[in-house]
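Here is how the chains run, residue by residue.
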Amino acid sequence: KDLQKDEKRRVQLLAYATSQEGNTSKARRLSLSRALAVREYLMAQGIVSTRMDVRALGDRSKSGPANRVDVMIQVPR
């Protein structure tokens, strides 16, 4: 709800995925698909798409689960 009220806040979606075949291109496409699904959900909650940045990082996860979408809230200074 804070995101809906404070239009200065931005959301960054960082998506990761692994491909069973070890194909980097497929992993990136899968991560993009996941990020876009999260963006669609947030838009349904009233967050406009112009406040969201999507990054499909594929299999470049350095820590945490390999298949995930991190939602980062950027608070203006």
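Here, every reference points to the structure presented above.
All of these numbers come straight from a predicted model, not from anything done at the bench. (Residues numbered from 1 in each chain as written. Predicted model: local features only at pLDDT ≥ 70, side-chain atom pairs only at ≥ 80, totals over all residues. Heavy atoms only, no water.)

## Description of the overall build of the protein chain
Secondary structure assignment for the protein chain yields 2 helices and 3 strands. Counted from the first residue to the last, the protein chain has its helices and strands arranged as α-β-α-β-β. C-alpha extents for the protein chain along the principal axes are approximately 45 × 25 × 15 Å. Counting across all 77 residues of the protein chain, residues that qualify as buried make up 26%. For the protein chain, the share of sequence-separated contacts (at least 6 apart) that also reach a separation of at least 24 residues comes to 77%. Accessible surface for the protein chain amounts to roughly 5,400 Å². Of this, 49% is attributable to carbon and sulfur atoms. If the 16 positive side-chain charges of the protein chain are averaged to one point and the 8 negative ones to another, these points end up 3 Å apart. (Helix = DSSP H or I, 4+ residues; strand = E, 2+ residues; numbered from the N terminus. Buried < 20%, exposed > 50% of the residue type's maximum accessible area, 1.4 Å probe, protein only. Contact = heavy atoms within 4.5 Å. Areas by Shrake-Rupley, 256 points an atom, 1.4 Å probe, with all protein chains shown as cover. Lys, Arg positive; Asp, Glu negative; His and termini not counted. Charge placed at Lys NZ, Arg CZ, Asp CG, Glu CD.)

## Considerations on the packing of aromatic side chains
Tallied over the entire structure, the rule returns 0 aromatic pairs. For Arg68, the ring lying beneath its charged end belongs to Tyr16, and the centroid distance is 4.2 Å. (Phe/Tyr/Trp six-rings, centres within 6.5 Å; stacked < 30°, edge-to-face > 60°. Lys NZ or Arg CZ within 6 Å of the ring centre and 35° of its normal.)

## A word on a nonpolar patch on the surface
Nonpolar side chains collect at one region of the surface, where Val71, Ile73 and Val75 lie side by side and expose about 240 Å² of accessible area between them. Within the fold, Val75 resides in the segment after β3 (68–74). (Patch = residues over 30% accessible without salt bridge, like charges linked within 9 Å, V, L, I, M, F, W, Y side chains within 5 Å. Salt bridge = Lys/Arg side-chain N within 4 Å of Asp/Glu carboxyl O.)

## Details of the environment of Ser61
For Ser61, the position within the fold is in the loop between β2 (52–56) and β3. Residues Ser61 and Ala15, 46 residues apart in the sequence, show an inter-C-alpha distance of 9.0 Å. Once residues within four sequence positions are removed from consideration, Ser61 is found in contact with Tyr16, Ala66 and Arg68. For Ser61, the side chain forms a polar contact with the main-chain oxygen of Ser63, separated by 3.0 Å. (Polar contact = N/O pair within 3.5 Å; in protein donor to acceptor, adjacent residues only side chain to side chain.)

## What about the nonpolar core?
Counting residues in each nonpolar core, the largest one holds 6 residues, listed as Leu3, Val11, Leu13, Leu42, Ile47 and Met52. With residues up to four places along the chain from it excluded, the contact list for Met52 reads Arg10, Val11, Leu13, Arg39, Leu42, Met43 and Ile47. (Core = buried A, V, L, I, M, F, W, Y, C linked by side-chain atoms within 4.5 Å.)

## Brief notes about a positive patch on the surface
Taken together, Arg28, Arg55, Arg60 and Lys62 make up a surface patch of like positive charges. Given a relative accessible area of 41%, Arg28 falls into the partly exposed group.

## So, the pairing of β2
Pairing analysis gives 5 bridges linking strand β1 (residues 10–16) to β2, with the strands arranged parallel. When the sheet's bridge partners are listed, Leu14 is paired in β2 with Arg55. The handedness of the β1 to β2 crossover, carried by helix α2 (residues 24–44), is right-handed. (Pairing = 2+ DSSP bridges. Right-handed = clockwise from strand over helix to strand, strands pointing away.)

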